[in-house]
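Chain and residue survey
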Amino acid sequence: MIFRYQILIEYVGTGFIGWQSQPKGKSVQKTIENSIKRILQEKTSVVGQGRLDAGVHAISQSAHFDTKYEILNINKFLKRLNYLLNKKFISILSIKKRNEKFHSRYSAKARIYQYIIFNRESVPIINKNRGWHIKKKINLENIKKGAKFLIGKRDFSTFRASTCSAKSPIRTLEKVNILKTRNQISIEFRSKSFLQTQVRSMVGCLKYLGEGKWNFKKFKDVTLSKKRILCAPPAPPYGLFLKKVIY
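Heads up: these notes are all about the structure in this document.

The rules behind the values
Residues numbered from 1 in each chain as written. Predicted model: local features only at pLDDT ≥ 70, side-chain atom pairs only at ≥ 80, totals over all residues. Heavy atoms only, no water. 1 Å grid on protein atoms, 1.4 Å probe; cavity = no way out; pocket = protein on both sides within 12 Å on 5 of 7 lines; lining within 4 Å. Points joined across faces, edges and corners; volume = space filled by probe spheres on them. Helix = DSSP H or I, 4+ residues; strand = E, 2+ residues; numbered from the N terminus. Salt bridge = Lys/Arg side-chain N within 4 Å of Asp/Glu carboxyl O. Buried < 20%, exposed > 50% of the residue type's maximum accessible area, 1.4 Å probe, protein only. Core = buried A, V, L, I, M, F, W, Y, C linked by side-chain atoms within 4.5 Å. Contact = heavy atoms within 4.5 Å. Phe/Tyr/Trp six-rings, centres within 6.5 Å; stacked < 30°, edge-to-face > 60°. Lys NZ or Arg CZ within 6 Å of the ring centre and 35° of its normal.

In this structure, the largest pocket occupies an estimated 910 Å³ of space. Considering the residues around the largest pocket, the lining is formed by 33 residues, among which Q49, G50, R51, R105 and F194 are closest to the centre. Mapped onto the lining of the largest pocket, the elements with two or more residues apiece are β2 (46–48), β5 (110–119) and α4 (198–211). The element best represented in the lining of the largest pocket is α4, accounting for three residues. As for the second largest pocket, its lining consists of E10, Y11, V12, H57, A58, I59, F89, I90, S91, R130 and F241. Going through the elements one at a time, β1 (3–11), β3 (57–67) and β4 (90–98) are the ones with two or more residues in the lining of the second largest pocket. In terms of residues, the lining of the second largest pocket owes the most to one element, β3, which gives three residues.

The next thing to look at is the pattern of salt bridges. Throughout the structure, instances matching the rule amount to nine salt bridges. A salt bridge links D66 to R4, with the shortest nitrogen-to-oxygen separation between them at 2.7 Å. Highlighted residues: D66 in strand β3 and R4 in strand β1, separated in sequence by 62 residues. For D66, a relative accessible area of 27% puts it in the partly exposed group. Look at R4 and you get buried, because its relative accessible area is 15%. Here E70 ties to K97 by a salt bridge, and the two come within 3.1 Å at their closest N and O atoms.

The biggest cluster of nonpolar side chains holds 66 residues, and the ones touching the most others in it are I32, F65 and F189. Looking at this core, the element that brings in the most residues is α4, giving seven residues. Non-local contacts of I32, meaning those with residues more than four positions away in its chain, are made with I7, I9, W19, V46, L85, I90 and I92.

All right, on to the packing of aromatic side chains then. A complete count under the given rule lists ten aromatic pairs for this structure. Taken together, the ring pairs connect Y5, F65 and F77 into an aromatic cluster. Taking the ring centre of F102 as reference, the NZ or CZ of R98 above it sits at 4.3 Å. Lying across the ring of F216, K145 places its NZ or CZ 4.5 Å from the centre.

Right under this line is the structure:
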């Protein structure tokens, strides 16, 4: 008999090659798998809701794993797991028993990503590598206008990385929420799924719009062009957070 468990994970992406295990480098996935193996004495594969690039953070990454052993004391297991992981800047927020039909990736109904921008002259110290530092004053209304245009179902090829393995560039961006608190700008994107680097590429183009490098017509033309070469440089990964996965 196989037992399936869902875990919610918080981690700092700095220092990792990303979520997904690769032949070389330290990944979040492999780090968690090794810790679970140490506790259960069983090789276990941890399946995430999707791949996150190097440097991207997670506030609530969802994943699941299967084991031959039922975890009778969830709290004890959670404490032992966090004892091994916390020193590596990973924290397991919760663990929940699921049935075999649950899949952390394919069962997801929506994903919410948050991008943080620090729009000020001075360099962030406390929040270093937790947001994109932009000195030039950003026109928030221009960003809101551009973000509103992105909402809906369309071909997002302009924002798609050349290494993206998705079968189709068609995605539906359900919602974009923008909030400014003093000199911090938060941009939240909600969709069932995203293309590789889509969020960071959209933020990069919104930055050009907000700084006045592009007018709205230019932004609109680039978005509809389906040509990656016309896209603005993607925003850096350290400002991006996977905020929530909705099931």
